[in-house]
Amino acid sequence: MTDAVIVSTARSPIGRAFKGSLKDIRPDDLSAQMVKAALDKIGLDGNDVDDLHWGCAEPSHRHGSNMARVIAVLAGYDRLPGTTVNRFCASSVQTTRMAYHAIKAGEGDIFVSGGVECVSQYTTFAGAGGVPEEDMNPVFADARSRSEEMARTNERWTDPREQGLLPDVYLAMGQTAENVATMRGMDRARMDEWGVRSQNRAEAAIASGFFEREITPVTLADGTVVSTDDGPRAGVTLEKVAGLKPVFREDGVVTAGNCCALNDGAAALVVMSDTKAKELGLTPLARVVATGVSALSPEIMGMGPVEATRNALANTKMSIGDLDLYEINEAFAVQVLASADDLGMDEDKLNVHGGAIALGHPFGATGARITTTLLNGLRETDGTFGLETMCVGGGQGMAIIYERLS
């Protein structure tokens, strides 16, 4: 049976939104550089690709107008179709899943998947969801209003359906993290320790040249070349992080030290049938083994990785112990730790080079970025099987399992 394999990756440095190195670049321009880089690495013409699947969490304004097709034309590939996909934080896991399914169905051999988010380019910023004010639908507006009230009154989370209420589908993500912390009785000290570990691990990875191997430098309009992530901080200690104030609730536990920042970035993968890779003389990096999705109460969306991972494992009859490395997107330390606990993960195999708390989380790009980092990590550790998984705003989870081939 035909397999879907990853033959090339390209991920940009990750900039800090509004004040970082990528704050002025348009998302379509940034994306075109990554798509072209991923194809150039294997000497492939984009006009020979069957489809471009591009993820974006807020596909409007400068991220709008079916940006995938704009990217194809900007990159010089007039004959490359494109579709823009939104599964919020997992958008560029979904794009890879779509390519995987198309290849399995025999409906194509070569796809580019990936995604982008340039939060700096949002027209206005309306809270943790990053939604332009004029684009907020009533559900989001109501949810934001309730989130603000929760923050003001320090209300504790209970499932709204137990009170005869509809759930807040897109309330501020920080509130959902506080809900998970309350539900699980998560100690802030443990969350801070994880945040420090993420920064320290990223610092060590930078020193070893790990991220240099996976980052594709970005050229800005003025000719400046950006080649490093903005986010990682050297010398982060628990003492420094412990002094930070809660962000979302007055007596809360989520701080700038144990959650991700707002970011800009893009990442691309070339996904191909194994038969086409062999025909072209390409050595695959990894095989897509299985995927999984899940859904749960939006107000505790951070627990989404648990069932998504279990579903992916069930689809391939594997167990968590069969995996050599795992990556859980670090939207918030509390959801990483709670998910890892439920899944029985070995923390020494989890986010071993740091995660989004250090590196950043450019929503639509993060899935493909994590794939790039995971495959890089499997090569470094001579591991075989790796998992990436993440929670998704609105109450979802997504997971994908890879087998390293080279």
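For the structure given in this document, a descriptive report is provided here.

Conventions used here
- Residues numbered from 1 in each chain as written.
- Predicted model: local features only at pLDDT ≥ 70, side-chain atom pairs only at ≥ 80, totals over all residues.
- Heavy atoms only, no water.
- Helix = DSSP H or I, 4+ residues; strand = E, 2+ residues; numbered from the N terminus.
- Buried < 20%, exposed > 50% of the residue type's maximum accessible area, 1.4 Å probe, protein only.
- Contact = heavy atoms within 4.5 Å.
- Phe/Tyr/Trp six-rings, centres within 6.5 Å; stacked < 30°, edge-to-face > 60°.
- Polar contact = N/O pair within 3.5 Å; in protein donor to acceptor, adjacent residues only side chain to side chain.
- Core = buried A, V, L, I, M, F, W, Y, C linked by side-chain atoms within 4.5 Å.
- Axes fitted to C-alpha atoms, helices over the stretch in contact; angles between N-to-C directions.
- Parallel < 35°, antiparallel > 145°, perpendicular 65-115°, else oblique.
- Salt bridge = Lys/Arg side-chain N within 4 Å of Asp/Glu carboxyl O.
- Pairing = 2+ DSSP bridges.

This next bit is on the environment of Leu313. On the secondary structure map, Leu313 appears in helix 9 (residues 304-316). Since its relative accessible area comes to 8%, Leu313 is described here as buried. C-alpha of Leu313 to C-alpha of Thr291: the two residues are 22 residues apart in sequence and 8.1 Å apart in space. If we ignore the near neighbours within four places in the chain, the residues touching Leu313 are Met318, Ser319, Ile320, Leu323 and Ile401.

Okay, the packing of aromatic side chains next. When we look at a pair of aromatic rings, we describe it by the centre distance and by the angle of the planes. Overall, the coordinates contain two aromatic pairs when judged by the stated rule. Here the aromatic rings of Phe210 and Phe211 are separated by 5.1 Å at their centres, their planes lie at 80°, and the arrangement is edge-to-face.

Turning our eyes to something else, we now look at the side chain of Arg11. Residue placement: Arg11 occurs in strand 1 (residues 4-11). Here Arg11 falls in the buried class, since its relative accessible area comes to 0%. Here the side chain of Arg11 touches Glu214 through a polar contact of 3.0 Å, side chain to side chain. When near neighbours in sequence (up to four residues on either side) are disregarded, Arg11 contacts Met34, Phe211, Glu214, Ile215, Thr216, Asp229, Ala266, Ala267, Arg369 and Thr372.

By size, the foremost hydrophobic cluster in this structure holds 41 residues, and its most contacted members are Phe332 and Met345. If you look at the next biggest cluster of nonpolar residues, it comprises 38 residues, including Ile25, Leu30, Leu52 and Val226.

Look at helix 3 (residues 91-104) against helix 12 (residues 363-381): their axes get within 5 Å of each other, and the N-to-C directions meet at 55°. Classed by the angle they form, the pair helix 3 and helix 12 counts as oblique. Seen from helix 3, the contacting residues are Ser91, Ser92 and Val93; seen from helix 12, they are Gly364, Ala365, Thr366, Gly367 and Ala368.

Looking now at the pattern of salt bridges. If you walk through the whole model with that rule in mind, you get 17 salt bridges. Across the pair Arg310 and Glu307 runs a salt bridge whose closest N-O atoms are separated by 2.8 Å. Here Glu307 and Arg310 lie together in helix 9, a separation of three residues that amounts to about one turn. Given the relative accessible area of 37%, Glu307 is considered partly exposed. Among the salt bridges present, the one from Arg404 reaches Asp382, with a minimum N-O distance of 2.7 Å. Residue Arg404 is found in strand 12 (residues 396-404), and its partner Asp382 is found in the loop between helix 12 and strand 11 (385-392); the two are separated by 22 residues along the sequence. The exposure class of Arg404 is buried, given its relative accessible area of 18%. Sharing partners across several salt bridges, the network here consists of Asp3, Lys104, Arg287 and Glu403.

A word on the environment of Thr228. By secondary structure assignment, the location of Thr228 is in the loop between strand 7 (225-226) and helix 7 (238-242). Setting aside its immediate chain neighbours within four residues, Thr228 contacts Pro13 and Ile215.

The next point concerns the pairing of strand 3 (residues 51-55). The two faces of a sheet get side chains in turn, since along a regular strand they alternate between them. Summarising burial for strand 3: five of the five residues are buried, a large majority. The side-chain alternation of strand 3 yields two buried faces, one formed by Asp51, His53 and Gly55 and the other by Leu52 and Trp54. Pairing between strand 3 and strand 5 (residues 110-118): five bridges, direction parallel. Each residue of the ladder has a partner; that of Trp54, found in strand 5, is Gly114.

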